[in-house]
Amino acid sequence: MKINVTINGQAHEADVEPRLLLVHLIRDVVGLTGTHVGCETSICGACTVHLNGRAVKSCTVLAVQANGAEVTTIEGLANNGQLHAVQEGFWECHGLQCGYCTPGMIMASCALLKDNPNPSEGEIRHGLEGNLCRCTGYQNIVESVKYAANKLQGA
Amino acid sequence: MSTNQTQIVGQSIQRKEGRDKVTGAMRYVDDLLFPEMWFGATVRSPIARGRIRSIEFTGNLPWHEFTIVTAKDISGQNCTALILDDQPCLADKFVNHAEEPVVLLAHPDKYLLEEARRAVKIDIEPLPALFTMDDALNQTEIIWGDDNVFKTFLVEKGNVDDVWASADFIVEGEYETGAQEQLYIEPNGMIAMANADDGVTVWGSLQCPYYVHKALLKLFGLPPDKVRVIQAATGGGFGGKEEYPSMIAGHAALLAWKAGKPVKLIYDRAEDMAATTKRHPSRTRHRTAVNKDGKLLAMDIEFVIDGGAYATLSSVVLSRGTIHAAGPYACDNVRVRSKAVATNHPPHGAFRGFGAPQSIFALERHLNKVAATVGLRPEELRRRNFLHEGQTTATGQVIREKLDLDGLLTRALELSDYHAKKERFAEHNATNATQKKGIGFATFLHGAGFTGSGERFLESVVGIEATATGNVCILVASTEIGQGTNTILSQIAAEALRLDYEMIELAQPDTANVPNSGPTVASRTCMIVGKLVESAALGLKQTLVQSGLLTDDYSLDEWRQACAIYIAEHGALKSFSKYEAPPNIFWNDETYQGDAYGAYAWAVYVAEVTVNLVTYETRVDDFVALQEVGKVINPVLAAGQIEGGVAQAIGYALYENVVWDNGTMRNNQMTNYIMPTSEDLPPIRVFFEENPYTYGPSGAKGIGELPMDGPAPAILNAIESAIGVRVNCIPLLPETLMKVMNA
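Residues numbered from 1 in each chain as written. Chains lettered and ligands numbered in written order. Predicted model: local features only at pLDDT ≥ 70, side-chain atom pairs only at ≥ 80, totals over all residues. Heavy atoms only, no water.

(A) The overall build of chain B, seen in detail. Tallying secondary structure elements over chain B gives 19 helices and 28 strands in all. C-alpha atoms of chain B, sized along the principal axes, occupy 75 × 75 × 50 Å. Relative to its full complement of 743 residues, chain B shows a buried share of 65%. Of the roughly 25300 Å² of accessible surface on chain B, 49% is carried by carbon and sulfur atoms. Computed over 67 positive and 91 negative side-chain charges, the inter-centroid distance for chain B is 2 Å. (Helix = DSSP H or I, 4+ residues; strand = E, 2+ residues; numbered from the N terminus. Buried < 20%, exposed > 50% of the residue type's maximum accessible area, 1.4 Å probe, protein only. Areas by Shrake-Rupley, 256 points an atom, 1.4 Å probe, with all protein chains shown as cover. Lys, Arg positive; Asp, Glu negative; His and termini not counted. Charge placed at Lys NZ, Arg CZ, Asp CG, Glu CD.)

(B) Region of interest: the overall build of chain A. Counting its secondary structure elements, chain A contains five helices and five strands. Its helices and strands taken in sequence order, chain A reads β-β-α-β-β-β-α-α-α-α from the N to the C terminus. Taken over the C-alpha trace, chain A has a radius of gyration of 15 Å; the compact-globule value for 155 residues is 15 Å, and the two agree within 12%. The C-alpha extent of chain A, read off along each of the three principal axes, is 45 × 30 × 25 Å. Intrachain contacts of chain A at a sequence separation of at least 6 include 58% that bridge at least 24 residues. In the form shown here, chain A has an accessible surface area of approximately 6000 Å², with 48% of it arising from carbon and sulfur atoms. Distance from the positive charge centre (10 side chains) to the negative charge centre (14 side chains) of chain A: 3 Å. (Rg over C-alpha atoms; globule rule 2.2 N^0.38 Å. Contact = heavy atoms within 4.5 Å.)

(C) Focus on the environment of B:Val229. All names here are of chain B. Tracing the backbone through its elements, the reader meets valine 229 in strand β11 (residues 227-231). Accessibility expressed as a relative area gives 0% for valine 229, which makes it buried. Note: C-alpha distance between valine 229 and leucine 737 (508 residues apart in sequence) is 47 Å. Residues within four places of valine 229 in sequence aside, it is in contact with Val202, Leu206, Pro209, Val212, His213, Leu216, Pro509, Asp510 and Thr511.

(D) Region of interest: the domain arrangement of chain A. Residues and elements named next belong to chain A. What the domain assignment reports for chain A is domain 1 (2-76) and domain 2 (85-152). Look at where the C-alpha atoms of domain 1 and domain 2 centre, and you get two points 21 Å apart. On the side of domain 2, 15 residues touch domain 1, which itself brings 18 residues to the contact. Across the domain 1/domain 2 interface, buried area totals approximately 1300 Å², and carbon plus sulfur atoms make up 58% of it. By the criterion of area lost to domain 2, the three top residues of domain 1 are His36, His50 and Ile74, representing 38% of everything that side buries. Linking domain 1 with domain 2 are one salt bridge, by the criterion used here. Residue arginine 54 is joined to aspartate 115 by a salt bridge in which the shortest nitrogen-to-oxygen separation is 3.4 Å. (Domains from an automatic or database assignment. Buried area = accessible area lost by both parts, 1.4 Å probe. Salt bridge = Lys/Arg side-chain N within 4 Å of Asp/Glu carboxyl O.)

(E) Local environment of a nonpolar patch on the surface. Residue and element names in this part refer to chain B. A grouping of Ile83, Leu84 and Val316 is seen on the molecular surface, where their side chains present a nonpolar patch of about 240 Å² in accessible area. The topology assignment puts leucine 84 in the loop between β3 (67-69) and β4 (94-95). Under the relative-accessibility criterion, leucine 84 is labelled partly exposed at 47%. (Patch = residues over 30% accessible without salt bridge, like charges linked within 9 Å, V, L, I, M, F, W, Y side chains within 5 Å.)

(F) Main features of the nonpolar core. Residues A:Phe90, B:Tyr605, B:Phe623, B:Ile650, B:Ile715, B:Leu716 and B:Ile719 are the most contacted members of the largest nonpolar core, which totals 97 residues. It is helix α16 (residues 635-654) of chain B that provides the largest number of residues to this core, a total of ten residues. Of all hydrophobic cores here, the second largest spans 71 residues; its members include B:Val155, B:Ala311, B:Leu376 and B:Tyr600. (Core = buried A, V, L, I, M, F, W, Y, C linked by side-chain atoms within 4.5 Å.)

(G) Highlighting the sheet that holds strand β14 (residues 296-308) of chain B. All names here are of chain B. In spatial order, the strands read β7-β15-β14-β13-β8-β28; together these six strands make up an open sheet with mixed pairing. Sheet topology places β7 (149-157) and β28 (729-730) at the edges, where each strand pairs with a single neighbour. When β14 meets strand β15 (residues 334-342), the two strands line up parallel, connected through nine bridges. Paired with phenylalanine 303 across the two strands is serine 338, which belongs to β15. Across the face of the sheet, helix α8 (residues 356-374) comes into contact with β8 (169-177), β13 (282-290), β14 and β28 while running at roughly 145° to β8. (Pairing = 2+ DSSP bridges. Axes fitted to C-alpha atoms, helices over the stretch in contact; angles between N-to-C directions.)

(H) View of the confidence of the model for chain B. In the predicted model, chain B carries a mean pLDDT of 97, and 99% of its residues have values of at least 70. As scored by the predictor, the complex reaches a pTM of 0.98 and an ipTM of 0.98. (pLDDT = per-residue confidence, 0-100.)

(I) Examining the sheet that holds strand β19 (residues 504-506) of chain B more closely. Residues and elements named next belong to chain B. Strand order in this open sheet of four strands is β19-β18-β17-β20, and the pairing throughout is mixed. Looking at the sheet topology across the chains shown, the edges are occupied by β19 and β20 (573-578). Between one strand axis and the next, the sheet turns through 20° on average, direction left out of account. Sheet analysis places strand β17 (residues 461-466) next to strand β18 (residues 472-475), joined by four bridges and oriented antiparallel.

(J) Region of the structure containing the domain arrangement of chain B. Residue and element names in this part refer to chain B. Here chain B is partitioned into domain 1 (18-27 + 460-578), domain 2 (34-127 + 183-275) and domain 3 (282-451 + 590-742). The centre of domain 1, based on its C-alpha atoms, is set 35 Å off from the matching centre of domain 2. In this complex, domain 1 contributes 17 residues to the contact, which on the side of domain 2 involves 19 residues. Broken down residue by residue, the surface that domain 1 buries against domain 2 is led by Ile481, Asp510 and Thr511, which jointly contribute 37%. At the junction of domain 1 and domain 2, the tally comes to one salt bridge. One salt bridge connects arginine 228 with aspartate 510, and the closest N-O pair in it is separated by 2.5 Å.

(K) Seen up close, the pattern of salt bridges. Residue and element names in this part refer to chain B. Taken as a whole, this structure holds 55 salt bridges over all chains when the rule is applied. The salt bridge partner of lysine 264 is aspartate 30, with a shortest N-O separation of 3.2 Å. Placement of lysine 264 in strand β12 (residues 263-266) and of aspartate 30 in the loop between α1 (18-23) and β1 (38-44) is noted, with a sequence separation of 234 residues between them. Taking the shortest distance from any N to any O, the salt bridge between arginine 287 and glutamate 172 comes out at 2.7 Å. Within this pair, whereas arginine 287 is found in strand β13, its partner glutamate 172 is found in strand β8, the two being separated by 115 residues in sequence. The class of arginine 287 is partly exposed, set by a relative accessible area of 29%.

Laid out in structure tokens, this is it:
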């Protein structure tokens, strides 16, 4: 099937098999490898991207479902080398260790802050429940999101 | 411009590779592409034990397009070299566990490859298999060696048998722990290029480049310079990428050699969980003599772990578990008898803590039972038995450092508001029928570095090289797997040379380029490798001083200038440092007596729980982790290690259950193997105390594994305090608790 998908502001036309997953379009066809695959079953959230502004797990979206849509991946978040506040938060507050869950965690955090710019600790923990991290115990991830929320509100 | 006078060690400096990790620029193994690369797949045994009768390639598939590898294709020794070399790289004639690799396939089309994997039919005549430690011990079948026993240890101090008759109380107990999956979020993977001219090169997700190197040498029968192992960015390990990557590297390399193409072999989650290693299940039996004052008179401990089908690392996991079994207590008569036994499970392997979480779980549960028997509070019983300076551990190791476990316990109980909460919860529980609250703690230790003579045998080497600009590159095989290796080693080098943190970088771990600083395991990277980095850094400075290019007091400009001149004259400026055991450290491998570890971290962890008697769920409401770690190199990174370890251990205690069915893991997906989410975990409150260790960098000891040891017994102790019911097995799932309470 022929599809048109805009990824990080750039239009892509591709002829794909109906079974192709969005994450494989992003990684294998377009070559953006910042979006990771951790479980293939929509549990871990490492593959989280934005589809028309909403966070989705791209391992359970078909590429054809993204036809005509706008997709943002971790590579599309920084602006001319200037880190997004959430990226800055994760680096500054050590919201990561191995880094494998991080792109998905950051994309999910961005979506969380869009809906709720000033979340409580409980709301952050609830909002990120669909993204697994095995390294941090989530403590510094929560701190990172708080940092970003403060920064975005101050801006 | 003067050299950096502010201390770099002790600061929460930003993670070296942090920017690449938040922008998606970091390249993990599955992100790497090579021209004409093929994909690899592994066909595995469907059953636990049997004789391979035939292998058939069925279905309407273009089999001639595939590269197919079996044991016959192995040019060297068919083993995954580790300690005993008993584990085949590919099963030949017999299989000894479910998911054992038998056939390898490679093809350029990964979708067709997956169809082909399913179309290979391995016909196996089943043989009787063992799935329990008791069956292994009772030798209902002999499946390994003469007696199904990989390793036995005996630690003996005093004579326990002289004590039983005079004891006021003898307390017995039995404790069990289950398997646990490491569950790094990045599944295992390797890429190999291999041919007769260039030898074998692999890139992969791994902790120990030189383990993989050693395994490939044997598998291919090649000289050391014809095998090269390069670590790609690694998405978590926790021990799960200590030994198993050698197997995957061997498979990828065999395929690449035969295909004449680079081959990428990436596991999906289901394969990773079903086939690779997990934490050893264990059973510990305690028999303890104690007098009416609560003094421990004798501790008799039997510790058994399930090693799975091959020896792999079970002997050393058993060793650490055995040595930690008697905990941080002074007791004149201790006997620990331990065994690692063979079953037809996939081999169990390294996982953070490495045997200690199992035996410490047993001990810290058991001591609460001892306390209750004597009529003492759990904290009072421990206070009466804590190790002090000058006393000896179970292996006869004299504690030479200032050690104040009493103070540590007091502080932990204060930080957690233990006593007040205990009273409050008693009132609460008296009036609330369904929500029961409890608080409990565990007191423990964890030895850093290889056990016993291990570090002497390893003889780790670290290199450090300066460039003409004065920047410095650290050459180690110690890998960054999330724990902060790059950052802390840079801090240590910057501190030693009084340079800016930004001037230090780490070479990519590549066996063609870095010396063997040993495996990235055993809480040894900071304490052992870090100390070598410190020494090598000082060696670099010494070279410049001795050459007359630098004085002991120098500015950054003087440093840069000295490096430039030296390199112009000599071509390069490098310094190497090799491990030497600290003086007065002795270990006897025969008697298992002596200084088991160079240093221990000491800890008291307190857990607060609510048990819901409608759903039987347990929630951890608060967690205090207090530990003495020598010196904290980077406070936020160090706390991150503790928080992550506690989170894994909460999973170990309450959620993470491996469901076995005739030796096959049935819940091999994240959908039904449950690890803690952000909502499941409480705030983890981490506190450090510092008591510098002479032979650690700036006084630091190892901390990576420590946090895995204490949470499970602390949580079960808290559950007991909440509901008054004694449960001695983990994971403690709601359904288990329901059965226990309704029994």
